[in-house]
Amino acid sequence: MTATAVHAVAEPTICAPLPVLGADVTVPLATGGERTYAALDYAASAPALQRVWDDVAAYAPYYGSVHRGAGHLSQLSTDLFEKSRATVAAFLGCRPDDELLFTRSTTDSLNLLAGALPEGCEVFVFETEHHAALLPWRSARLTVLDAPRSHDEAVRTLERALAARDPYGPALVCVTGASNVTGEIWPVRELAAAAHAHGARIVLDAAQLAPHRPVSLTELDVDWVAFSGHKLYAPFGSGVLAGRADWLRAAEPYLAGGGASRTVTRAEDGGVEVAWHTGAARHEAGSPNVIGAYAVAAACTALIEAGPERLAAREEALLERLLTGLAELPGIRVLNLFGDGADRVGVVSFTAEGWHSSHLAAALSAEYGIGVRDGLFCAHPLVRTLLEAERTEPGECGAPQETDGQALSAVRVSFGAGTPEEHVERFLGAVRELVTTGARLDYRTVDGRWVPAV
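Reading the values: rules and limits
Residues numbered from 1 in each chain as written. Predicted model: local features only at pLDDT ≥ 70, side-chain atom pairs only at ≥ 80, totals over all residues. Heavy atoms only, no water. Helix = DSSP H or I, 4+ residues; strand = E, 2+ residues; numbered from the N terminus. Buried < 20%, exposed > 50% of the residue type's maximum accessible area, 1.4 Å probe, protein only. Contact = heavy atoms within 4.5 Å. Areas by Shrake-Rupley, 256 points an atom, 1.4 Å probe, with all protein chains shown as cover. Lys, Arg positive; Asp, Glu negative; His and termini not counted. Charge placed at Lys NZ, Arg CZ, Asp CG, Glu CD. Pairing = 2+ DSSP bridges. Axes fitted to C-alpha atoms, helices over the stretch in contact; angles between N-to-C directions. Disulfide = S-S within 2.5 Å. Phe/Tyr/Trp six-rings, centres within 6.5 Å; stacked < 30°, edge-to-face > 60°. Lys NZ or Arg CZ within 6 Å of the ring centre and 35° of its normal. Core = buried A, V, L, I, M, F, W, Y, C linked by side-chain atoms within 4.5 Å.

Summing up its helical and strand segments, the protein chain has 13 helices and 19 strands in all. Once the C-alpha set of the protein chain is aligned to its principal axes, its extents read approximately 75 × 55 × 50 Å. For the protein chain, with 454 residues in total, the buried portion stands at 54%. Look at the contacts in the protein chain between residues 6 or more apart in sequence, and 71% of them connect residues 24 or more apart. Counting every atom, the protein chain has about 19000 Å² of accessible surface; 51% of that belongs to carbon and sulfur. Separation of charge centres in the protein chain, based on 36 positive and 56 negative side chains, amounts to 2 Å.

Turning our eyes to something else, we now look at the sheet that holds strand 6 (residues 141-145). Strand order in the open sheet formed by 7 strands is 4-10-9-8-7-5-6, and the pairing between neighbours is mixed. The sheet terminates laterally at strand 4 (99-103) and strand 6, the two strands that pair on one side only. Adjacent strand axes in the sheet meet at a mean angle of 15 degrees when their direction is disregarded. In this sheet, strand 8 (residues 201-205) lies alongside strand 7 (residues 171-176) in parallel orientation, the contact comprising 5 bridges. Bridging across to strand 8, threonine 176 finds its partner in aspartate 205.

A separate point is the state of the cysteines. This structure, assessed with the given rule, holds 0 disulfides. The thiol of cysteine 121 is unpaired, and the distance to the nearest cysteine sulfur, on cysteine 174, comes to 12 Å.

The next subject is the packing of aromatic side chains. Following the criterion strictly, the structure yields 7 aromatic pairs and no others. Arranged with centres 5.2 Å apart and planes meeting at 55 degrees, the rings of phenylalanine 126 and tryptophan 186 form a pair that is tilted. Taken together, the positions of phenylalanine 126 in strand 5 (residues 122-126) and tryptophan 186 in the loop between strand 7 and helix 6 (188-197) put the pair 60 residues apart, joining distant regions of the chain. On the basis of relative accessible area, phenylalanine 126 is assigned to the buried category, the value being 1%. Feature note: the residues Phe126, Trp186 and Phe338 constitute an aromatic cluster, connected by ring pairs. The positively charged end of arginine 440 is found above the aromatic ring belonging to tyrosine 368, 5.1 Å away from the centroid.

Judged by nonpolar contacts, the single largest core of 86 residues is most densely connected at Val88, Leu92, Leu158, Val215 and Val240. Take this core: its biggest share by element is 12 residues, from helix 9 (residues 290-306). Discounting chain neighbours no more than four positions away, the residues touching leucine 92 are Leu100, Val215, Ser216, Leu217, Val225, Phe227, Val240 and Ala242. In this structure, Ala352, Val372, Phe415 and Val431 belong to the second largest nonpolar core, which totals 33 residues.

Okay, the environment of valine 296 next. Turning to its location among the elements, valine 296 is positioned in helix 9. Placed 185 residues apart in sequence, valine 296 and asparagine 111 show a C-alpha to C-alpha distance of 20 Å. Apart from the residues lying within four places of it in its own chain, the contact partners of valine 296 are Val88, Phe227, Gly229, Ala234, Ser238 and Val240.

Right, here's the structure in full:
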């Protein structure tokens, strides 16, 4: 494990897959018949844990509006909402004075933080980031750093950039914890130390890290962390931003409306005057997603009780089998920044010689019942770098109508706590057949996607 991981794994017992929704779902095959679906697209959205779904279903009859309601269900829901906040804060190792906000997603969280930046703030981000972390800072003084090829180079690159900035103005570094393309874990603690040494703050995009490894603001010494519930085995529609309160309290509310406002009065000029809340409510206007917040908290609890070390050990065994199996196949190139031995979570992207990624992904689905992701993974600059393409070269997440060969895109296979060993073995067997003997069906493109020509 690298210094980024919060706890070392010391010969833990490997656990069984955690029960998830959809584990028994069957899908039709274009070759005939049905097969149990192999969900290997966890990096996009992980299936909800059965435990989380059961907890949400048990609460649903008691649903009520939160904060200010006098009725029993309203009070119960308010208590559940705030206890969920405390549960997630504990999961993230929040400091006593940190603020935790419930949002819609990682993207929403980072856009919220972008709107809270002090005037004149400089932002530093590597080109390797997911678009959710690369794009929100357009109103700031943005510096995009080249992709590093080692942990040490990442730290040196950041230090050089920070040393050249205005030392008296505010600055923010945004960095991923684990790449959504390669799965590689970044040296978060070392980057945080570099940022703080140069008077900058740092926000961690933990969308891919939190579902696979423990994340602690205190131990990693980051200023904020953001993640999405739907990657942490909760349903869609919930996210978290947690960390230092001062910039958030000084900023205009993310949304103007009820809940964010403490008092609203008529002004002498005929308008209105507003005094805004200063705590979490300041940026949580409107009726909050109570069920979403509770689902995230339930997922945090389930992962803690399952044992992070045991889950990580099981994932590492699956990852080793996957990488070993891919290395045995002709024409397969696994993508990475930091080298073959880099610590990574269960996310692997690769290219297959002679195959467009969309064609391969379509064949895996249609002929084997396997769901993967293909394209540029909302990380276009990173994929261009990994494929050694020109920075301005266009790439497509679908397939050009007339191409049947290599293109600027890749296939991504990703897994997690609910993945059975059989799914990884089925995937390796399917890729082996496809790259050695070809697809059993003919394919064509429809609206930029490959589909069986049947």
